[in-house]
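So the chains spell out like this:
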Amino acid sequence: MISSIAVIGTGNVAYHLIRHFQYVDPGVKKVFGKTLQSFEKLGGLKGFEKSLNLSEIGPNEFDLILLAVSDDAIIEIAKNLPDLGETILAHTSGATSIDVISAVSKNTGVFYPLQTFSLGTIVDFQKVPICIEASNKKTEEKLRSFSSSLGCKSEKVNSDQRKRIHLAAVFANNFTNHLLGVSKEILSESRMELKILEPLVNETLKKAFEQSPEHSQTGPAKRGDQKTMEAHLEMIKDNHIKTLYQILSKGIIEKYN
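Residues numbered from 1 in each chain as written. Predicted model: local features only at pLDDT ≥ 70, side-chain atom pairs only at ≥ 80, totals over all residues. Heavy atoms only, no water.

### Describing the packing of helix α4 (residues 159-188) against helix α9 (residues 239-256)
Then, number 1: It is at 11 Å that the axes of α4 and α9 come closest, and there the two elements cross at 125°. When the interaxial angle is binned, α4 and α9 end up oblique. Our pair here, α4 against α9, has a crossing hand that is left-handed. Across from His178, Leu179, Val182, Glu185 and Ile186 in α4, the residues of α9 making contact are His240, Ile241, Leu244 and Leu248.
Then, number 2: Partitioned by chemical class, the residues of the contact of α4 with α9 number 6 nonpolar, 2 polar and 1 charged. (Axes fitted to C-alpha atoms, helices over the stretch in contact; angles between N-to-C directions. Helix = DSSP H or I, 4+ residues; strand = E, 2+ residues; numbered from the N terminus. Parallel < 35°, antiparallel > 145°, perpendicular 65-115°, else oblique. Left-handed = near helix turned anticlockwise from the far one by under 90°. Contact = heavy atoms within 4.5 Å. Nonpolar A, V, L, I, M, F, W, Y, C, P; charged D, E, K, R; others polar.)

Here you go:
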């Protein structure tokens, strides 16, 4: 059973995990940050000890230590950790192998919440799948049980599956958001708001998950409507947006025609 937790990191992922842990059961005993100022990112979260010194961690002091830091920082921090004993060490990255922390503890894992995190936005963790990987069966069972105690659904994945999930998430989340930003720019040129597209975007996502994206694809590229696509390209003055339109249209044309 996992009841005593330390979190290394003070960014967006750390903030939301600590907030949810405390909401369900205040098991976070200690949070480690780089500077005293870095703790300001945690806002009004309280009830845990703050520390800048990883050497303070003792063997078996915690049931779980979560590395909720950037991918680049995981390896460097892991190198500086003292002997952890039987403590589970897990990182929260979607793109980083479990192997990078395997030398630090015999009980290692990945606790990757598949969601986008921003400060100021509340996350409903009951709707967030937690992708779990572990170095051994016992650790896997503990992490899955811990996820369940948080009200989260967990998915057992291996490193390859998790990296592919992360890649797919970049397309589904980051690229989609960028395209919505492009849509906002186009609309602002005629003094219109992005809000006008909300019903369309919601219906697009609904159909994509109900029917699958390939069955719900529509638009001029899908129809092979060259006249409309040429008219669109004439309207676009920004070369970045023009290139995006051409690349995406070409991809749709090649897939469906």
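### With respect to the nonpolar core
Then, number 1: Of all hydrophobic cores here, the largest spans 30 residues; its most connected members are Leu64 and Phe111.
Then, number 2: Sorting the residues of this core by element identifies β1 (5-8), α1 (12-24), β2 (28-32), β4 (64-67), β5 (88-91), β7 (129-134) and α3 (137-149) as the ones contributing at least two each.
Then, number 3: For this core, the element with the most residues is α1, which contributes 5 residues.
Then, number 4: Sequence-distant contacts of Leu64, that is, excluding residues within four places in its chain, are made with Ile2, Ser4, Ile5, Ala6, Thr87, Ile88, Ala90, Leu143 and Phe146.
Then, number 5: Listed in part, the 17 residues of the second largest apolar core include Ala6, Ile57, Leu67 and Leu81. (Core = buried A, V, L, I, M, F, W, Y, C linked by side-chain atoms within 4.5 Å. Buried < 20%, exposed > 50% of the residue type's maximum accessible area, 1.4 Å probe, protein only.)

### Regarding the layout of surface pockets
Then, number 1: Volume-wise, the largest pocket comes out at about 2500 Å³.
Then, number 2: Leu179, Ser183, Thr204, Gln217 and Leu248 are the residues nearest the centre of the largest pocket, which is lined by 48 residues in total.
Then, number 3: When residues of the lining of the largest pocket are traced back to their parent elements, those giving at least two are α4, α5 (198-211), α6 (213-216), α7 (220-223), α8 (226-235) and α9.
Then, number 4: Considering every element that reaches the lining of the largest pocket, the biggest residue donor is α4, with 13 residues.
Then, number 5: Of the residues in the lining of the largest pocket, the class split is 26 nonpolar, 14 polar and 8 charged.
Then, number 6: Considering only enclosed or pocket space, the second largest pocket measures out at about 660 Å³ in volume.
Then, number 7: Around the second largest pocket, the lining comprises 31 residues; the ones closest to its centre are Gly11, Ala68, Val69, Ser70 and Asp71.
Then, number 8: When contributions to the lining of the second largest pocket are tallied by element, the ones reaching two or more residues are α1, α2 (71-79) and β6 (108-113).
Then, number 9: Looking at side-chain class alone, the lining of the second largest pocket contains 14 nonpolar, 14 polar and 3 charged residues. (1 Å grid on protein atoms, 1.4 Å probe; cavity = no way out; pocket = protein on both sides within 12 Å on 5 of 7 lines; lining within 4 Å. Points joined across faces, edges and corners; volume = space filled by probe spheres on them.)

### Looking at the sheet that holds β7
Then, number 1: As summarised here, the arrangement of the 8 strands in space is β3-β2-β1-β4-β5-β6-β7-β8, forming an open sheet in which the pairing is mixed. Across the chains shown, the open sheet's two edge strands, defined by having one partner strand only, are β3 (49-51) and β8 (153-156). Across this sheet, the average inter-strand angle for adjacent strands is 25°, counted without regard to direction.
Then, number 2: In the sheet, β4 pairs with β5 via 4 bridges, with the strands oriented parallel. Paired with Leu64 across the bridge in β5 is Ile88.
Then, number 3: Packing against the sheet, α3 makes contact with β1, β4, β5, β6, β7 and β8, and its axis sits at approximately 165° to β7. (Pairing = 2+ DSSP bridges.)

### Some points on the pattern of salt bridges
Side chains that differ in sign of charge can pair as their charged atoms come close.
Then, number 1: If you walk through the whole model with that rule in mind, you get 12 salt bridges.
Then, number 2: For Glu56, the salt bridge is made with Lys30, and the minimal N-O distance between the two is 3.0 Å. With Glu56 in the loop between β3 and β4 and Lys30 in strand β2, this pair connects stretches of sequence that are 26 residues apart.
Then, number 3: Assessed through its relative accessible area of 39%, Glu56 is described here as partly exposed.
Then, number 4: One salt bridge in this structure joins Lys106 and Glu86, with 2.8 Å as the shortest N-O distance. Pair noted here: Lys106 is in the loop between β5 and β6 and Glu86 is in the loop between α2 and β5, with a separation of 20 residues, a long-range link.
Then, number 5: Look at Lys106 and you get exposed, because its relative accessible area is 54%.
Then, number 6: Linked through salt bridges whose partners overlap, the residues forming this network are Lys30, Glu49 and Glu56. (Salt bridge = Lys/Arg side-chain N within 4 Å of Asp/Glu carboxyl O.)

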